[in-house]
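These are the residues of each chain, in order.
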Amino acid sequence: MNAPVNYDPAHEAWTMPLDRVDPANPARFMAGAELPYLARLRRDAPVHYTAENSMFGPYWSVCRYNDIMQVELNTEVFSSSWAHGGISVRDRPKELRIPMFIAMDPPVHDDQRKVVQPIVAPFNLQKFEALIRERTTMVLDSLPRGETFDWVEKVSIPLTTMMLASLFDFPFEDRHLLSHWSDCSTMPVEANGFIKSEEHREQVFGELLAYFTKLWNERVNEPPRPDLVSMLAHGEATKNMTPREYLGNLILLIVGGNDTTRNSMSGGVLFMHQNPAEFAKLKANPKLVDSAVSEIIRYQTPLAHMRRTATQDYELGGQQIKAGDKVVMWYLSANRDGAVIEDPDAFIVDRKRPRQHISFGFGIHRCVGNRLAELQLKILWEQLLARFPSIEVMGEPKRVFSSFVRGYASLPVRIPA
Amino acid sequence: MPTITYIEFNGTSHSIEVENGLSVMEGAVNNNVPGIDADCGGSCACATCHVFVDDAWLARCGTPDTQEKSMLGFAATAQENSRLACQITVTDALDGLVVRMPEAQH
């Protein structure tokens, strides 16, 4: 199943020439075989250059926790700007690039981020808590017993989609469009999925924008209220956005509020199944749920990397990065860095410092919704523990073809009758 | 050793002797004072060690640098007297410092 990192010295990851290592190869992520390559780089070439043979062109890989922290904090040298290609290893064609605040630098990034940030302020989270609990209860109570079903389809997608609909105050009956648009945004064409070409993707984005423009037009003339569309329509830094910029920020908020939590909701079930002693520990002491949630988020690392572009020459870990180079921060690797995280390959629900993982990123781009994500996962696990003796994983999960979104297309499970 | 008083959002007060040279954040975390998360471990990179410094002490704690200001800009409940506790180094001059916790570390 989710095999532990392969430390067999004969494994290709440990024997291939370093300059051939291409950790961003999405096929390996789909096969669940990505970790040994990052482990090799962490050991032998923690700041590594893939010059050739990558489908994404040349890029640097930063693999150690402390080096990544350095990149995160230096936004002058390491730009997130969409104009340089943005925040993932894949460059969209130049004419199809989309501005969004995660792919901007200060000061515009800061101003736009501050417009949407209050949606996850303590007051709003308290308001959401009862709603999340009610929905989680409803979804879990409707699950079949004693038969195999897909956890992604029946639990992870419905729960995160409903949450997203509430954040946008999106027409509830159309909420399936949100997860559809999220998938369309992140799905590589090579995955042979719904999105057949970049033109096709642009067409779907056109539908997304048309739908949300209707909502904007309704809300811009009404008094401001706490939903993301109204906040964008009334925010000083966002009310005059171009349609393309509105589209970009919508994609950001849809993907950010959807894919990530969805995959941690699935990953957690898989990890507990693979680590029955840890699951027993949690069952015996449900107070560990906060710490278990952080551990699930670390172990899953639902976004495997974030990318920056160097704006000037810079030396990092003894390597010379040149202005214009693409720099990939492997969160997935930093979360397994034994120099910072003790026994990093083990899944442990009661770690001493469970929150030090880097899955949310650090610095000014740190995940806006991190507390909401934790709240959703916490309530899910509280309700699971209160209901089910166990959730048995019945077969291999199907993983997605992406080295950016690290997640599951399906996870067959069974709840004992 | 200087004594730092940490007051939780619910009013619970903890007076702790903290070694010179440690940060106000480390003083809390090392002594299990609740209310400070310090996710990034003191790199000024997460704003989860946000505290309010009592006015009498604000000047003695120094001025936040650009990085700290920008992280505080994203803290949910930041005010004029907000600081990140990881960026305040404990010295004898801070003996008696009082810091208060926000409702939550966001």
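Structure: see above.
Residues numbered from 1 in each chain as written. Chains lettered and ligands numbered in written order. Predicted model: local features only at pLDDT ≥ 70, side-chain atom pairs only at ≥ 80, totals over all residues.

Caption draft 1: How the structure looks around the overall build of chain A. In terms of regular secondary structure, chain A is built from 16 helices and 12 strands. Along the first, second and third principal axes, the C-alpha set of chain A runs to 60 × 55 × 40 Å. When the 417 residues of chain A are sorted by exposure, 49% land in the buried category. (Helix = DSSP H or I, 4+ residues; strand = E, 2+ residues; numbered from the N terminus. Buried ≥ 20, exposed ≤ 12 C-beta atoms within 10 Å, placed from the backbone.)

Caption draft 2: The environment of Thr238 of chain A, seen in detail. All names here are of chain A. Take Thr238: it is sitting in the loop between helix 10 (228–234) and helix 11 (243–256). Exposure remark for Thr238: the 20 C-beta atoms within 10 Å place this residue in the buried category. Considered as a pair, Thr238 and Leu384 are 146 residues apart in the sequence and their alpha carbons are 40 Å apart. Not counting residues within four places of it along the chain, the set of residues in contact with Thr238 comprises Gln112, Val115 and Leu232. (Contact = placed C-beta atoms within 7 Å.)

Caption draft 3: View of the interface of chain A and chain B. At the interface, 17 residues of chain A touch 15 residues of chain B. Sorting the residues of the side of chain A that touches chain B by element identifies helix 4 (65–73) and helix 5 (108–116) of chain A as the ones contributing at least two each. For the side of chain A that touches chain B, the class distribution of residues is 7 nonpolar, 3 polar and 7 charged. (Nonpolar A, V, L, I, M, F, W, Y, C, P; charged D, E, K, R; others polar.)

Caption draft 4: Representation of helix 3 (residues 35–44) of chain A in the model. Residues and elements named next belong to chain A. Taking burial as the measure, the 10 residues of helix 3 include 8 buried ones, the bulk of the element. When we look at burial in helix 3, the residues that qualify are Leu35, Pro36, Tyr37, Leu38, Ala39, Arg40, Leu41 and Arg42. On its buried face, helix 3 is in contact with helix 1 (12–15), helix 2 (26–30), strand 1 (47–50), strand 2 (59–62), strand 8 (326–330) and helix 15 (331–334).

Caption draft 5: View of the sheet that holds strand 1 of chain A. Residues and elements named next belong to chain A. One open sheet holds the 5 strands; their spatial order is 1-2-8-5-3, and the pairing between them is mixed. Only two strands of the sheet have a single partner each, and these edge strands are strand 1 and strand 3 (78–79). Pairing of strand 2 with strand 8 involves 3 bridges; the strand directions are parallel. Directly across from Val62, in strand 8, lies its bridge partner Met329. Running over the sheet, helix 4 touches strand 1, strand 2, strand 3, strand 5 (305–310) and strand 8 and is turned about 125° from strand 8. (Pairing = 2+ DSSP bridges. Axes fitted to C-alpha atoms, helices over the stretch in contact; angles between N-to-C directions.)

Caption draft 6: A look at the packing of helix 7 (residues 151–168) of chain A against helix 8 (residues 176–186) of chain A. All names here are of chain A. One way to put it is that helix 7 packs onto helix 8 with a least axis distance of 8 Å and a crossing angle of 105°. Considering the angle they form, helix 7 stands roughly perpendicular to helix 8. Of the residues in helix 8, those in contact with Ile157, Thr161, Leu164 and Ala165 of helix 7 are His176, Leu178 and Ser179. Taken together, the residues that form the contact of helix 7 with helix 8 break down as 4 nonpolar, 3 polar and no charged. (Parallel < 35°, antiparallel > 145°, perpendicular 65-115°, else oblique.)

Caption draft 7: View of the packing of helix 8 of chain A against helix 9 (residues 198–220) of chain A. Residue and element names in this part refer to chain A. Helix 9 packs onto helix 8 with a crossing angle of 145° between their chain directions and a minimal axis gap of 10 Å. In the packing of helix 8 onto helix 9, the handedness of the crossing is left-handed. From helix 8, Leu177, Trp181 and Cys184 reach across to helix 9, where they touch Arg201, Val204, Leu208 and Tyr211. By residue class, the composition of the contact of helix 8 with helix 9 is 6 nonpolar, no polar and 1 charged. (Left-handed = near helix turned anticlockwise from the far one by under 90°.)

Caption draft 8: Region of the structure containing the pairing of strand 3 (residues 50–53) of chain B. Residues and elements named next belong to chain B. Sheet topology note: the strand 3/strand 4 (residues 82–84) ladder contains 3 bridges and is antiparallel. Within strand 4, the position partnered with Val51 by the bridge is Arg83. Bridge analysis of strand 3 against strand 5 (residues 98–100) gives 2 bridges, and the strand direction is antiparallel. Paired with Phe52 across the bridge in strand 5 is Arg100.

Caption draft 9: Just the pairing of strand 2 (residues 13–17) of chain B, in detail. All names here are of chain B. Across the 5 residues that make up strand 2, only a small minority, 0, are buried. Both strand 1 (residues 3–7) and strand 2 contribute to a ladder of 5 bridges, which runs antiparallel. Paired with Ile4 across the bridge in strand 2 is Ile16. Adjacent in sequence and paired antiparallel, strand 1 and strand 2 are bridged by 5 residues, among which Gly11 carries a positive phi angle near 100°.

Caption draft 10: Spatial organisation of the nonpolar core. Val62 and Trp330 of chain A together with Ala85 of chain B are the most contacted members of the largest nonpolar core, which has 139 residues in total. The element contributing the most residues to this core is helix 7 of chain A, with 10 residues. When residues no more than four places from it in sequence are discounted, the contact partners of Val62 of chain A are Val47, Asp67, Ile68, Val71, Leu316, Val327, Val328, Met329 and Trp330 of chain A. (Core = buried A, V, L, I, M, F, W, Y, C linked by C-beta atoms within 7 Å.)

Caption draft 11: Up close: the environment of Val229 of chain A. All names here are of chain A. Turning to its location among the elements, Val229 is positioned in helix 10. Look at Val229 and you get buried, because 23 C-beta atoms sit within 10 Å. Not counting chain neighbours up to four residues away, the residues in contact with Val229 comprise Phe168, Asp169, Phe212, Leu215, Trp216 and Arg219.

Caption draft 12: Fine view of the sheet that holds strand 9 (residues 392–393) of chain A. All names here are of chain A. Overall, antiparallel pairing links the 3 strands, which are arranged 4-12-9 in an open sheet. The open sheet has two edge strands, strand 4 (148–150) and strand 9, and neither has a second partner. Pairing between strand 9 and strand 12 (residues 412–414): 2 bridges, direction antiparallel. Across the sheet, residue Glu392 finds its bridge partner in strand 12, namely Arg414. Along the sheet face, helix 7 touches strand 4 and strand 12 and points at about 45° away from the line of strand 4.

Such coordinate-based values are descriptive only and should not be taken to indicate function.
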